[in-house]
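Tertiary structure, described
As a plain string of letters, each chain reads:
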Amino acid sequence: MIEKHIVLEDIDPVIFYGVNNVHLQMIKALFPKLRIVGRDNVIRVLGDEEQMGKFESNIESMRKHILKFNSLKAEDILDIINGHKTQDEIPEGVVVYSVGGRPVKARSANQQKLIDSYAHNDMVFAVGPAGTGKTYLSIALAVKALKEKAIKKIVLSRPAVEAGEKLGFLPGDMKDKIDPYLQPLYDALEDMIPAARLQDLMEKHVIQIAPLAFMRGRTLSDAVVILDEAQNTTPAQIRMFLTRMGWNTKMIITGDLTQVDLPREQSSGLKEALHILQGIDGIGVVRLNEKDIVRHKLVTRIVNAYEDYDRERKTKHNSNNESINKD
């Protein structure tokens, strides 16, 4: 009789154990000669050495399955333990799986261009209107790289630009004031990484979320770095950010040039960067449009209505200027 402790690394124990420990009870029934106790992410096993070897091998297969697919079903457990072939490779086109086991993949031609551009460039600009999946897909690519151990950390940033409310009037300390600006990044991460695992990664600074101002002076290596809402950076800010790039690092810069919240007299750093950096080898630019919107169908109509309004206002403004010049 021997005893071993098996640690479930990199996965959420809740997915492994199942609701009300249904998976653990099933595994116990399939290994009646072993005494199995699970607590947190550690499984304590007591029993025959030969059975123990098979058990360890099966548990490792289940761990790898969860790591790839973010789910574990009763039929998966049976297939693994009975030695039947299970799905062990992520299907082509799928970036990662959400916490609920839903495949995250491109849902439009331009979204696929973003994935392809990321594969062939170290820096990618993804520009397009709200709802086109820029941020969500970018974070999915970063999570994939982290799971595959191609990088050591993910760094996510946003400019904390005041759009309506002043930071000073928001309650709480500086973290409380900044967190609302970063919430869309948290939302995407929570959809792809189980809560307990995400908390652990953030506490260990493997995943870092910070305002753009906190990037100054850093060199970011072995990472995927994402700058979201880049249209609200000043030219100096985006220049500072782009030069943080270190070895084995990829950067994704997302933004919507129709939603600039900077003061009227201040130009967008994203617009300037796209002009200055066009044609540079290693930098990809992907432009998404209303056809790529994957939110509620009304979002497409709203975007189109505002674009029509902006065109009419610009035309009217130009006509007025021509009339003044003639006078």
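1. Quick look at the overall build of the protein chain
Secondary structure summary: the protein chain contains 11 helices and 11 strands in total. Taken over 327 residues, the protein chain has a buried fraction of 44%. Nonlocal contacts in the protein chain, meaning residues at least 24 apart in sequence, comprise 69% of its contacts between residues at least 6 apart. Entry remark: accessible area of the protein chain is about 18600 Å², with carbon and sulfur atoms responsible for 51%.

2. Some thoughts on the nonpolar core
Core analysis: the largest hydrophobic core is formed by 36 residues, its most contacted members being Ile 139, Val 143, Ile 154, Leu 156, Leu 189, Ile 193 and Ile 207. With 8 residues, helix 6 (residues 134-147) is the single largest residue contributor to this core. The contacts of Ile 207, once residues within four sequence positions are left out, are Leu 146, Ile 154, Leu 189, Ile 193, Leu 198, Leu 201 and Met 202. In this structure, Ile 15, Leu 24, Leu 34 and Val 45 belong to the second largest nonpolar core, which totals 23 residues.

3. Digging into the packing of aromatic side chains
The description of two aromatic rings rests on the distance between their centres and on the angle between their planes. Under the counting rule described, the total for this entry stands at 3 aromatic pairs. Between the aromatic rings of Phe 16 and Tyr 17, the centroid separation amounts to 5.6 Å while the plane-to-plane angle is 75°, which identifies the pairing as edge-to-face. The ring of Tyr 118 has Lys 250 lying over it, and the distance from NZ or CZ to the ring centre is 4.5 Å.

4. Some words on the confidence of the model for the protein chain
Of all residues in the protein chain, 88% have pLDDT values of 70 or greater, and the mean over the chain is 86. Here residues 163-167 is a poorly scored stretch, pLDDT under 50, and it has 6 contacts once near neighbours within four places are set aside; other chains count.

5. Describing the side chain of Asn 58
Its location among the elements puts Asn 58 in helix 3 (residues 49-69). Look past the residues within four positions of Asn 58 in its chain and what remains in contact with it is Phe 31, Ile 80 and Ile 81.

6. With respect to helix 8 (residues 195-203)
Of the residues making up helix 8, those classed as buried are Arg 197, Leu 198 and Leu 201. Projected down its long axis, helix 8 carries its buried residues within an arc of 100°, all on one side. Opposite the packed face of helix 8, turned more than 90 degrees from it, sit the exposed residues Ala 195 and Glu 203. Positioned one or two residues after helix 8, His 205 has a phi angle of 60°, which is positive.

7. Observations regarding the pairing of strand 6 (residues 123-127)
Counting buried residues along strand 6, 5 of its 5 residues qualify, which places the element largely inside the surrounding structure. A two-sided burial pattern is seen for strand 6, the buried positions comprising Met 123, Phe 125 and Val 127 on one face and Val 124 and Ala 126 on the other. Here strand 6 pairs with strand 10 (residues 249-255) via 5 bridges, running parallel. Residue Val 127 lies in a different strand from strand 10, and its bridge partner there is Gly 255. Pairing of strand 6 with strand 11 (residues 283-287), which is carried by 5 bridges, proceeds in the parallel orientation. Bridging across to strand 11, Ala 126 finds its partner in Val 286.

8. Thoughts on the sheet that holds strand 3 (residues 42-47)
Across the sheet, 3 strands lie side by side as 1-3-2; this open sheet has antiparallel pairing. In this open sheet, the two strands that pair with only one neighbour each are strand 1 (2-7) and strand 2 (35-39). Strand-to-strand twist across the sheet, computed as the mean angle between neighbouring axes with direction ignored, equals 15°. Note: strand 1 against strand 3, 6 bridges, orientation antiparallel. Among the inter-strand pairings, Ile 2 is bridged to a residue of strand 3, identified as Gly 47. Its contacts with the sheet place helix 3 against strand 1, strand 2 and strand 3, and it is angled at close to 5° to strand 1.

9. Section: a nonpolar patch on the surface
On the surface, Leu 298, Ile 302, Tyr 306 and Tyr 309 cluster together to form a nonpolar patch covering roughly 440 Å² of accessible area. Among the secondary structure elements, Leu 298 is positioned in helix 11 (residues 297-326). For Leu 298, a relative accessible area of 43% gives the class partly exposed.

Cut-off values and rules
Residues numbered from 1 in each chain as written. Predicted model: local features only at pLDDT ≥ 70, side-chain atom pairs only at ≥ 80, totals over all residues. Heavy atoms only, no water. Helix = DSSP H or I, 4+ residues; strand = E, 2+ residues; numbered from the N terminus. Buried < 20%, exposed > 50% of the residue type's maximum accessible area, 1.4 Å probe, protein only. Contact = heavy atoms within 4.5 Å. Areas by Shrake-Rupley, 256 points an atom, 1.4 Å probe, with all protein chains shown as cover. Core = buried A, V, L, I, M, F, W, Y, C linked by side-chain atoms within 4.5 Å. Phe/Tyr/Trp six-rings, centres within 6.5 Å; stacked < 30°, edge-to-face > 60°. Lys NZ or Arg CZ within 6 Å of the ring centre and 35° of its normal. pLDDT = per-residue confidence, 0-100. Arc of directions from axis to C-beta. Pairing = 2+ DSSP bridges. Axes fitted to C-alpha atoms, helices over the stretch in contact; angles between N-to-C directions. Patch = residues over 30% accessible without salt bridge, like charges linked within 9 Å, V, L, I, M, F, W, Y side chains within 5 Å. Salt bridge = Lys/Arg side-chain N within 4 Å of Asp/Glu carboxyl O.

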